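# Fold and contact review
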Amino acid sequence: MKYSELIEVNKRFQASVNLEYDLNKISKVRSYIPTEQSVKVLGAFLRSYYYSSEPQGRATVLIGPYGRGKSHLLLVLSALTSLDLRASNDDERVTARKIQYELCDKIAAVDKEVGALAKAIVDSEIRTLPVIINSNSSDINQSFLIAINEALRNAELQSLLPNTYFDSAIVIIEKWEESFPEAYEKLASELKNSKTNVDELRIALKRFDEKAYSLFCDCYPSIAAGTEFNPLTNMDVVKLYLAVVNALCEQTAYKGITIIFDEFSKFLEANLDKSKMLNFKIIQDMAEAATRSGSSQLHFTCITHKDILDYSSSDSFKTVEGRFRKLRFVASSEQSYELIANAIIKREKFEQFKRSHKSEFEFVASASAITNVFSDLTEESYQQKLVYGCFPLTPLSAFSLLHVSELVGQNERTLFTFLAQDDQHTLRSFIANEVDEFATITVDCIYDYFEELFKKEVFNVSVHSVWAKTDSALRQISDEIQCKVLKAIAVINIIGDERLKPTPAHIKAALMLDDDKFETAVKALLKLHILSQR
């Protein structure tokens, strides 16, 4: 049989949010389902918009595991503070305002105070222009310039962007092309030596490419009788942003800017080298500008999946960390299990399946319960949210999925992608395949799904070390049960929770193995000196 006859993946979980592409996308905004934790965090953000006396909350690091909805939360924040201004006609504006009030009602259903605050912001027309920074460029200066340029262009407000030295270079090139053909030809000749041409240079300058600007400056003296190119514009990115904030407040309905640095984790990982301290200076200065902003609002939020000092404890990281308030996007274990259960929709046939396999479900429940991992749950929550709700994951698989994704999850592999995507070793691939009458996703499957990340986890030496030893051992054997045992031990060691240990009872529970199969596998591994008796 196929479990797809009994189970399907909730459509709401089938596409993650990408702030750069999904900003103010109606379907994404409307799919938001508030939780107690997300509304609490949203309330902390909203207060810094409504109360100008709380600017210290305008530079924020939002910390939480991958795939838990941080980006979706900030998408909702952006919708509340910009959706109606992005409308291109009156009908769209009416629809946008309707959606904003729908969000307020959803939020109020969870927390009346935060819902009222959201409504007050919508009613008061406190709007900010969302600017999304990504970490694709190694030059943080360029990332900020590209982001503000695109945000203003999308809002049809590009005229508010002050001139930069890139603009000055482009003006000179266009002037040569129109009025001084000899100078233009000389530039083309100079660029040939660098294996490029004028069109490519112009495109790169429009993308605020520092290398292109340096190349133009190098070529300029040979064209302009030895004089150096020295534009009057002395560009400071933070001052440029503040100039845009002021222009927005004076000339538009916007009250400022909301900068969201998505994937800030990747920026931190790419800037561990001390030679890149200038990048941190820009982050520090922008955070400081945000905390000092008043009625002309500048909000700066960085999304990361762990504390800044968990990447490095160097002085520069400490200085950056000190400029931000920290908001943690975490959920209780029960809420997290409920999230998984909500992703796994049970069809009508599942009730009959439950009744037919009552003894198997009882075995799953009792075997997993011996670990003491779920002692904080009531018996009813344990049964409904874990044993039945998370099925075909076993309770210990759901526990492992949560903890492993928090430790090593990255955008391409998270709790979210395990549940939603159709890749190898995922929930969707499991339910699409033929299975035995009663089969479960056991802890070894979590190892299989996250193995590539264990291998790459250079910032967490202990995780990489566990993977390296396990991988070496797996290469020496081919028996399926023996492999499962080693993978389960690896996952247990990676999680490092005192309540789940690599003991025979806990390993058997993690794999739903009976005594005979487990003991046979362990004896063979001991004989091969892959496992040692303690």
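To be clear, the structure that these remarks concern was listed above.
Notes on the structure follow. Being a predicted model, the structure only gives us computed values, none of them experimental. (Residues numbered from 1 in each chain as written. Predicted model: local features only at pLDDT ≥ 70, side-chain atom pairs only at ≥ 80, totals over all residues. Heavy atoms only, no water.)

## Things to note about the pairing of strand β4 (residues 256-261)
For a regular strand, side chains alternate in direction, first toward one face of the sheet and then toward the other. The test is simple: Each residue is placed in one exposure class: buried if its accessible area under a 1.4 Å probe, protein chains only, is under 20% of its type's maximum, exposed if it is over 50%, and partly exposed if it falls in between. Secondary structure is summarised from DSSP: a helix means a run of H or I of at least four residues, a strand means a run of E of at least two, and numbering begins at the N terminus for each. We treat two strands as partners when DSSP finds at least two bridges between them.
Burial analysis of β4 places six of its six residues in the buried class, which makes it a mostly covered element. Residues Gly256, Thr258 and Ile260 line one face of β4 and the alternating positions Ile257, Ile259 and Phe261 line the opposite face, and both faces are buried. As judged from the five bridges shared by strand β3 (residues 129-133) and β4, these two strands associate in the parallel manner. Within the sheet, the bridge partner assigned to Pro130 lies in β4 and is Thr258. Bridge count for β4 against strand β5 (residues 297-304) is six bridges, and the pairing is parallel. What sits directly across from Thr258, in β5, is His299.

## Notes on the pattern of salt bridges
Here is the rule we go by: Whenever a carboxyl oxygen of Asp or Glu lies within 4 Å of a side-chain nitrogen of Lys or Arg, that contact is scored as a salt bridge.
Following the criterion strictly, the structure yields 26 salt bridges and no others. In this structure, Lys281 engages Asp285 in a salt bridge whose closest nitrogen and oxygen atoms are separated by 2.8 Å. Remark: Asp285 and Lys281 occur in helix α14 (residues 277-292); sequence separation between them is four residues, near one turn of the helix. Note that Lys484 and Asp444 form a salt bridge whose closest N and O atoms lie 3.0 Å from each other. Taken together, the positions of Lys484 in helix α25 (residues 480-495) and Asp444 in helix α23 (residues 443-456) put the pair 40 residues apart, joining distant regions of the chain. Among the charged side chains, a network of salt bridges with common partners joins Asp84, Arg97, Glu125 and Arg127.

## Here we look at the packing of helix α8 (residues 165-179) against helix α11 (residues 210-223)
Keep this limit in mind: Every angle, taken between N-to-C directions, lies between 0 and 180 degrees, and every axis is a line fitted to C-alpha atoms, over only the stretch in contact when it is a helix. If an angle is under 35 degrees, it is roughly parallel; if it is over 145, roughly antiparallel; if it lies from 65 to 115, roughly perpendicular; otherwise it is oblique. Whether a crossing is left-handed or right-handed is set by the direction in which the near helix is turned from the far one by less than a right angle, anticlockwise for left-handed and clockwise for right-handed. Contacts are residue-level and defined by heavy atoms, with any inter-residue pair within 4.5 Å sufficient. Classification convention: Asp, Glu, Lys, Arg as charged; Ala, Val, Leu, Ile, Met, Phe, Trp, Tyr, Cys, Pro as nonpolar; all other residues, Gly among them, as polar.
One can describe the packing of α8 onto α11 by two numbers: an axis separation of 11 Å at closest approach and a directional angle of 45°. Taken together, the axis directions place α8 and α11 in an arrangement best described as oblique. The two elements α8 and α11 meet at a crossing, and its hand is left-handed. Note on element contacts: α11 touches α8 through Glu210, Tyr213, Phe216, Tyr220 and Ile223, opposite Tyr165, Phe166, Ala169, Ile172, Ile173 and Trp176. Looking at the contact of α8 with α11 residue by residue, the class counts come to ten nonpolar, no polar and one charged.

## What about the packing of aromatic side chains?
What describes a pair of aromatic rings is the distance from one ring centre to the other and the angle between the planes of the rings. For the record, the criterion: The aromatic pairing rule takes the rings of Phe, Tyr and Trp, using the six-membered ring of Trp, and pairs them if the centres are within 6.5 Å, calling planes under 30 degrees apart stacked, those over 60 edge-to-face and the rest tilted. Geometrically, a charge over a ring is one whose NZ (Lys) or CZ (Arg) sits within 6 Å of the ring centre while staying within 35 degrees of the ring normal.
Evaluated as defined, the whole model comprises 39 aromatic pairs. Among the aromatic side chains, those forming a connected cluster through ring pairs are Phe144, Tyr241, Phe261, Phe264, Phe267, Phe280, Phe300, Phe317 and Phe324. Lying over the aromatic face of Phe45, Arg325 brings its terminal NZ or CZ to 5.6 Å of the ring centre. Against the face of Tyr388 rests Lys354, its NZ or CZ located 4.2 Å from the ring centre.

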